[in-house]
Amino acid sequence: MSADEDEKAVRIKLHFFKDGTKYLGAHDDSTKLAGLTRDDTAVLDGCDVFLRREVNALVGSMKTKECVFGEGDSKRYSDYQLRVTETGYWFRDRILSYATDEQIEGVADFSWHQLERARWFRCMIDFPYEDEGRPINTVEYVRIHDQGGTHSFTYRDGREMVFTFRNNWSYGMQRETLVIVVQDVDEKGPTLVYGWGQPGSDRIGINPGWIRLQCDLDTEKMAKFQNWLRPDS
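The paragraphs below set out a description of the structure included in this document. Note that this is a predicted model, so its numbers are computed, not measured. (Residues numbered from 1 in each chain as written. Predicted model: local features only at pLDDT ≥ 70, side-chain atom pairs only at ≥ 80, totals over all residues. Heavy atoms only, no water.)

### A few points about the nonpolar core
Inside soluble globular proteins, nonpolar side chains tend to come together where they are buried. Within the largest apolar cluster, 20 residues are counted, with the highest numbers of intra-cluster contacts made by Ile125, Phe153, Phe163, Phe165, Val182 and Cys215. When contributions to this core are tallied by element, the ones reaching two or more residues are strand 12 (120–127), strand 13 (137–145), strand 15 (160–170), strand 16 (175–184), strand 18 (203–206) and strand 19 (212–217). In terms of residue count, strand 12 provides more of this core than any other element does, four residues in total. Not counting chain neighbours up to four residues away, the residues in contact with cysteine 215 comprise Phe121, Arg122, Cys123, Phe163, Phe165, Asp202, Arg203 and Ile204. (Core = buried A, V, L, I, M, F, W, Y, C linked by side-chain atoms within 4.5 Å. Buried < 20%, exposed > 50% of the residue type's maximum accessible area, 1.4 Å probe, protein only. Helix = DSSP H or I, 4+ residues; strand = E, 2+ residues; numbered from the N terminus. Contact = heavy atoms within 4.5 Å.)

Written out as structure tokens, the structure is:
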């Protein structure tokens, strides 16, 4: 990344994997990126992205017909675009015919992929001390984000469970909803209990009686409050 005075933009050089098959699934398993070096990537001429300010956002795109592949009738070019704001990141990508400008390929038909900026929360997982008791024993403090964060734990009777925290699109209410879910065994297991709230909320919780989850936005103040709430945990 460098300043380009001629273009009045920030020039971003894209690095492509020389062998992309080695890194398939890295979005779910970041260990696949361990040991990745610059020698494992290549930079292609003409495929730089130029980033410019647009009101409260930064928008980036390639120069038209500069990121070129192939020869003759198979000659084509890439069109990669991005948009970054304080709360999100959008990108889209397609390949077009060099001769006709017709789209040959398009990730999700060149629709925007939106990645919302994750917020970190600090959650208390409380169990009862005894059967039929109130869930007032904090067994874990978990730092988890609201964009699909998960945490596995073992309940007091030995059952394996997983706790998931994410923003979902609620088809029933036709709006985004902040959701926490407890499932049996793993994310494929049946739902045991869930709760929901407004996406911008700084706290959310559930308490069906046999477990209590309290999640507060991860700040120093909230951490002190949670420790004060359960000083013996």
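Having seen the model, we can carry on.
### Some details on the environment of glutamate 54
Checked against the element boundaries, glutamate 54 lands in strand 5 (residues 49–54). For glutamate 54, a relative accessible area of 39% puts it in the partly exposed group. Sequence-wise, glutamate 54 and threonine 85 are 31 residues apart; in three dimensions their C-alpha atoms are separated by 9.9 Å. Apart from the residues lying within four places of it in its own chain, the contact partners of glutamate 54 are Val59 and Arg83. A polar contact is formed between the side chain of glutamate 54 and the side chain of arginine 83, at a distance of 2.9 Å. (Polar contact = N/O pair within 3.5 Å; in protein donor to acceptor, adjacent residues only side chain to side chain.)

### Details of the sheet that holds strand 12
The four strands lie next to each other as 13-12-19-18, forming an open sheet whose pairing is antiparallel. Each edge of the open sheet carries a strand with a single partner, namely strand 13 and strand 18. Neighbour to neighbour, the strand axes of the sheet diverge by 15° on average, direction disregarded. Pairing analysis gives four bridges linking strand 18 to strand 19, with the strands arranged antiparallel. Its bridge partner being in strand 19, isoleucine 206 is matched across the sheet by leucine 213. The strands that helix 1 (residues 220–229) touches are strand 12, strand 13, strand 18 and strand 19; relative to strand 19, the one it contacts most, it runs at about 155°. (Pairing = 2+ DSSP bridges. Axes fitted to C-alpha atoms, helices over the stretch in contact; angles between N-to-C directions.)

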